[in-house]
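Secondary and tertiary structure notes
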Amino acid sequence: MHVTRHAEARTVLTDTRYVPPPVPQDGREGTLAWLRAQVSRFSTGDAHARRRRAVVERLAAIDPADLRSAARAMTLERDGEWRGIPTQVLEAALGIKDTAAVPAAASGYLTGEAGPEADAAVAALLDQADLPAVTLLLQAHAATEGLIDNALKHATWDGDQPDPRSSATPRSAPTGIDVEALLHETLRHDPPLKATRRLDTRTGDEVTIDLVAVNRDPDVFPDPDRFDPTRGPVPHMTFGHGVRPCPAPDHALALAAGVLEGLL
Ligand code: HEM
């Protein structure tokens, strides 16, 4: 089943009959396959509730405002070379010293496509951090960078202002860019995660929730294809919904907003 309507997506995501497609449980300890079998994202029932509580507790100790100012400061310090900054800021907030391994571990986290490089990266991360911290880093990495990439595509520049995307050097900001509004509408119009999947435990059917289509459902979003940062808060589903939404939308927005402030 391919879900493209907002109401149907809400129904699926709030019904415990639909679970994330199970991942293999027999990976060798310390590998990416093993990690995927341990994290909240791919678990159900009591294990999901317990693992989710552990990441939520860890997140509660991190103030999004601190992430935002650290991301802004680091982006300015590095002359706009922002890639890697959200992950490094989060790693510092989690008390981890070196997450050079995150991109390689994160590359197969959602798909399960593991190779020796991803397995070595997972092992390096687990040497320094516990499971909740590793879960947070891997969940955050690609989605947050994807949001920043997409927001930069939508930023509009005054004709005579240099476009900061064309250079690593930060330039003076075009006046009037509202970073929050840009991010919210980017999340709706151009989500970094395009779909999420569920298994219907009654029928065995796979369900794909098409977040791009759901976020442009004309019953919910007037003129849905138009990128309009003046919409204000809208019920996009980019952070999920229902039983297991993203527990960190404020942290994600803070990291992205800090980087954009440093760039724009
Ligand atoms: C723009 C950035 C982000 C987006 C769009 C996003 C989106 C999502 C979505 C859609 C889910 C639910 C997936 C599903 O069940 O189908 C999810 C889960 C999760 N996200 Fe995020 N996320 C983002 C950033 C972050 C960040 C920065 C963190 C941590 C600091 C984080 C931590 C998590 C965790 C731990 C889960 C698993 C929750 C659970 O198992 O119950 N995410 N995210």
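In this report, we go over the structure that sits alongside the text. If you're wondering where the values come from, they're calculated on a predicted model, not measured in any experiment.

Calculation rules
Residues numbered from 1 in each chain as written. Predicted model: local features only at pLDDT ≥ 70, side-chain atom pairs only at ≥ 80, totals over all residues. Heavy atoms only, no water. Pairing = 2+ DSSP bridges. Helix = DSSP H or I, 4+ residues; strand = E, 2+ residues; numbered from the N terminus. Axes fitted to C-alpha atoms, helices over the stretch in contact; angles between N-to-C directions. Parallel < 35°, antiparallel > 145°, perpendicular 65-115°, else oblique. Left-handed = near helix turned anticlockwise from the far one by under 90°. Contact = heavy atoms within 4.5 Å. Nonpolar A, V, L, I, M, F, W, Y, C, P; charged D, E, K, R; others polar. Donors = N, O, S within 2.8 Å, 3.2 Å for Na, K, Ca; no water.

Attention shifts here to the sheet that holds strand 1 (residues 2–3). As a general point, the strands of a sheet are linked pairwise by backbone hydrogen bonds and lie either parallel or antiparallel. In space, the 4 strands of this open sheet follow the order 1-4-3-2, with mixed pairing throughout. Every interior strand has two partners, whereas the edge strands, strand 1 and strand 2 (18–19), have only one. When strand 1 meets strand 4 (residues 206–210), the two strands line up parallel, connected through 2 bridges. Paired with Val3 across the bridge in strand 4 is Ile209.

Remark: helix 9 (residues 179–189) packs on helix 11 (residues 249–263), axes separated minimally by 10 Å, with the N-to-C direction vectors making an angle of 125 degrees. Our classification of the angle between helix 9 and helix 11 gives oblique. Handedness of the crossing formed by helix 9 with helix 11: right-handed. Packed against helix 9, whose contacting residues are Val179, Leu182, Leu183, His184 and Leu187, the element helix 11 presents Leu253, Ala256, Ala257, Leu260 and Glu261 at the interface. For the contact of helix 9 with helix 11, the per-class residue count stands at 8 nonpolar, 1 polar and 1 charged.

Let us look at the coordination of the iron atom of the ligand. For the iron atom of the ligand, the sole protein-derived donor is Cys246 (SG), lying 2.4 Å away. Looking at the element boundaries, Cys246 is found in the loop between helix 10 (211–214) and helix 11.

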